[in-house]
Amino acid sequence: MAHLLRETPSQTVGPFFAYSLTAEQYGYPYTSLMNHAMVSDQTPADYAASERIFIQGRVYDGQGNPIPDAVVELWQADPQGHYRLAPIGPRNGQPGFTGFGRMGTGTLPDGQFRFTTLKPGVVAGANAAPYINVTLFMRGSLRGLFTRLYFSDEVDANAQDALLNSVDPARRHTLLAHREDQNGQLTYTFNLHMQGDNETVFFAFAP
Amino acid sequence: MPDLDVHPPHLYPAYKSTILRSPTRPLLLVPEHLRDVSMPVFGESVLGEFDHDLTKNARVNGEPIGERIKVTGRVMDQQGRGLANVLIEIWQANAAGRYVHKAEIHDAPLDPNFLGSGRVLTDAEGRYSFYTIKPGAYPWGNHYNAWRPNHIHFSVLGHHLEQRLVTQMYFPGDPLFAFDPIFQSTPVPARELLIAQFSMDHTEAEFALAYMFDMVLNGHRKTPFQ
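Residues numbered from 1 in each chain as written. Chains lettered and ligands numbered in written order. Predicted model: local features only at pLDDT ≥ 70, side-chain atom pairs only at ≥ 80, totals over all residues. Heavy atoms only, no water.

(A) Representation of the overall build of chain A. Tallying secondary structure elements over chain A gives four helices and eleven strands in all. Radius of gyration (C-alpha) of chain A: 17 Å, near the 17 Å computed for a compact globule of 207 residues. Dimensions of chain A along its principal axes, counting C-alpha atoms only, are 45 × 45 × 40 Å. Relative to its full complement of 207 residues, chain A shows a buried share of 58%. In chain A, once contacts between residues fewer than 6 apart in sequence are set aside, the share between residues at least 24 apart is 69%. (Helix = DSSP H or I, 4+ residues; strand = E, 2+ residues; numbered from the N terminus. Rg over C-alpha atoms; globule rule 2.2 N^0.38 Å. Buried < 20%, exposed > 50% of the residue type's maximum accessible area, 1.4 Å probe, protein only. Contact = heavy atoms within 4.5 Å.)

(B) Quick look at the pattern of salt bridges. Tallied over the entire structure, the rule returns 18 salt bridges over all chains. What you see here is one network of salt bridges that share partners, running through Glu51, Lys119, Asp153, Glu154 and Arg179 of chain A. (Salt bridge = Lys/Arg side-chain N within 4 Å of Asp/Glu carboxyl O.)

(C) How the structure looks around the nonpolar core. Counting 30 residues, the largest nonpolar core has Phe100, Tyr150, Leu163, Leu175 and Phe203 of chain A together with Phe42 and Leu87 of chain B as the members making the most contacts within it. The set of elements that each furnish at least two residues to this core consists of strand S7 (145-151) and helix H4 (162-165) of chain A. Formed by 29 residues, the second largest nonpolar core is a distinct cluster that contains Tyr28 and Val71 of chain A together with Tyr99 and Leu194 of chain B. (Core = buried A, V, L, I, M, F, W, Y, C linked by side-chain atoms within 4.5 Å.)

(D) Just the packing of aromatic side chains, in detail. Residues and elements named next belong to chain B. In total, this model carries 23 aromatic pairs over all chains according to the counting rule given. These aromatic residues form a ring-pair network of at least three members: Tyr128, Phe130, Phe154 and Phe213. Over the ring of phenylalanine 207 we find arginine 68; its NZ or CZ atom is 3.8 Å from the centre of that ring. (Phe/Tyr/Trp six-rings, centres within 6.5 Å; stacked < 30°, edge-to-face > 60°. Lys NZ or Arg CZ within 6 Å of the ring centre and 35° of its normal.)

(E) The arrangement of the pairing of strand S8 (residues 151-157) of chain B in detail. Residue and element names in this part refer to chain B. Of all seven residues in S8, seven are buried, a share of seventy percent or more. Along S8, one buried face is formed by His151, His153, Ser155 and Leu157 and the opposite face, lined by Ile152, Phe154 and Val156, is buried too. Note that strand S3 (residues 87-92) and S8 share six bridges and pair antiparallel. By the bridge assignment, isoleucine 88 is partnered in S8 with valine 156. Note that S8 and strand S9 (residues 164-170) share seven bridges and pair antiparallel. Note on S9: the bridge partner recorded for serine 155 is valine 166. (Pairing = 2+ DSSP bridges.)

(F) The UniProt feature "domain: Intradiol ring-cleavage dioxygenases" (unreviewed entry) in chain A, seen in detail. Annotation from UniProt places "domain: Intradiol ring-cleavage dioxygenases" (unreviewed entry) at residues 55-83 of chain A. The span residues 55-83 of chain A shows a helical share of 0% and a strand share of 41%, and its end C-alpha atoms are spaced 18 Å apart. (UniProt positions renumbered as here; feature names shortened; annotations may be inferred.)

(G) Up close: the sheet that holds strand S4 (residues 117-121) of chain B. All names here are of chain B. Strand order in the open sheet formed by four strands is S4-S3-S8-S9, with antiparallel pairing between adjacent strands. Edge positions in the sheet fall to S4 and S9, since each of these pairs with one other strand and no more. The average angle at which neighbouring strand axes cross in this sheet is 20°, direction not considered. (Axes fitted to C-alpha atoms, helices over the stretch in contact; angles between N-to-C directions.)

(H) Fine view of the interface of chain A and chain B. Chain A puts 76 residues into the contact, and the matching count from chain B is 92 residues. Summed over both sides, the interface of chain A with chain B buries roughly 7,800 Å², with 59% coming from carbon and sulfur. Per-residue buried area on chain A facing chain B is highest for Arg6, Gln11 and Phe16 of chain A; these three make up 12% of the total on that side. Where chain A meets chain B, there are four salt bridges. Where arginine 6 of chain A meets glutamate 192 of chain B, a salt bridge forms, and the shortest distance between an N and an O atom there is 2.6 Å. Applying the counting rule to chain A against chain B returns 41 residue pairs in polar contact (both at pLDDT 80 or more). At the level of secondary structure, the elements contributing two or more residues to the side of chain A that touches chain B comprise helix H1 (18-21), strand S3 (70-76), strand S4 (100-104), strand S6 (131-138), S7, H4 and strand S11 (203-204) of chain A. Per element, the largest residue contribution to the side of chain A that touches chain B is five residues, and it comes from S6 of chain A. Of the residues assigned to the side of chain A that touches chain B, the class counts are 45 nonpolar, 18 polar and 13 charged. (Buried area = accessible area lost by both parts, 1.4 Å probe. Polar contact = N/O pair within 3.5 Å; in protein donor to acceptor, adjacent residues only side chain to side chain. Nonpolar A, V, L, I, M, F, W, Y, C, P; charged D, E, K, R; others polar.)

(I) Structural view of a nonpolar patch on the surface. Residues and elements named next belong to chain B. On the surface, Phe198, Met200 and Leu209 cluster together to form a nonpolar patch covering roughly 290 Å² of accessible area. On the secondary structure map, phenylalanine 198 appears in strand S10 (residues 197-198). Among the residues examined, phenylalanine 198 registers a relative accessible area of 39% and is labelled partly exposed. (Patch = residues over 30% accessible without salt bridge, like charges linked within 9 Å, V, L, I, M, F, W, Y side chains within 5 Å. Areas by Shrake-Rupley, 256 points an atom, 1.4 Å probe, with all protein chains shown as cover.)

(J) Looking closely at the side chain of arginine 35 of chain B. All names here are of chain B. Tracing the backbone through its elements, the reader meets arginine 35 in the loop between strand S1 (28-29) and strand S2 (68-76). The exposure class of arginine 35 is buried, given its relative accessible area of 12%. Among the polar contacts made by the side chain of arginine 35, one reaches the side chain of glutamate 162 at a distance of 3.3 Å.

(K) Up close: the environment of phenylalanine 54 of chain A. Residue and element names in this part refer to chain A. Inspection of the secondary structure assignment puts phenylalanine 54 in strand S1 (residues 52-57). Judged by relative accessible area, which is 16%, phenylalanine 54 ranks as buried. Along the chain, phenylalanine 54 and leucine 118 lie 64 residues apart, while their C-alpha atoms are 8.2 Å from each other. Among all residues touching phenylalanine 54, those that are not within four sequence positions of it are Arg114, Phe115, Thr116, Gln185, Leu186, Thr187 and Tyr188.

(L) Examining the pairing of S4 of chain A more closely. All names here are of chain A. Burial analysis of S4 places five of its five residues in the buried class, the great majority of the element. Neither face of S4 is left uncovered, since the one carrying Phe100, Arg102 and Gly104 and the one carrying Gly101 and Met103 both have all their residues buried. In this structure, S3 lies alongside S4, joined through five bridges in antiparallel fashion. Of the residues in S4, the one forming a bridge with leucine 74 is glycine 101.

See the structure below:
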């Protein structure tokens, strides 16, 4: 292999990202290209039969306190298991289903995030279970953190999933989002723990 | 072969906030065949007219105060191939070292004509450029008399998930490098990669000094867009 260039080092997102990365959510006078809504208010006709779901949770520090200045990004396939390849835009248009969401944890009570989306389908390949990619940035984190959210009600599929199976069985539960019906809203709760007994399994990608 | 270990550790106790916010267990190495192929792509149409010009995109009653600069560079993979259509989001303090954030308490003036947010998409060769005001140094509470070197924050959405990078660009010769635990958390040989280079070639006569800042994202796989 030819000489590889060195990557640009990661640095922390810091405490003051909001007026750029999540401006509309925080009420700053700048437009946002993404937010908590990964699907438009009106479910696109192609996905009319799909479940509209909410993904909510918090990020907890090593003392169990919710972190109020993290940025959470979700990226997922559509209900048919396909990632969106078409460019997202134009701004203020009708994006349909993007599969991409971003929220800061500084506007809902106690550091909560809450996304609206459609439940993903299974992505062809080595995956057996549906999942959502989760990326996390925050003050005090010098590197982006990556993990996956799996669904608690996909027991059989989860049992067959290659990546989930490569996780220490004692820690697999940290990747499961728990389903509940909240006043008719199908909600999955996914809490991230930076440390402690329930420390979330985070991923690394070597070149 | 250059040392490819460029990233800061998760735990760097001199940067105190890492102590309770860093994972304590080894990360799970995801093999290539279990990774995803793409990241979301944004079209040119999402950009506002002045998203690439922070000296213009928040004007209320005049020009922002401070030293106007141009920042330009190339985003590429580890084989040096330019990455097209990469979304770069930008934020920074104003010339006085003040951030437009509600929780910000530094006693320095806000600039009514400067927000400090912008974004650009790279072109077909991976190039980008934007205009801004050179940010001031900024005091923070990490330790007594702690000051951040002048810096601009970048959030970069590459073509793959492993190319999702958040970083900071610093300016050459900053005397605060030696005292800043965030900069110092970076392995010594890699610190130079965070420092922009002054460029006379890109400097615009009678208008703005220019700084070059190339960014290299993880990986060397072909993308579905090439």
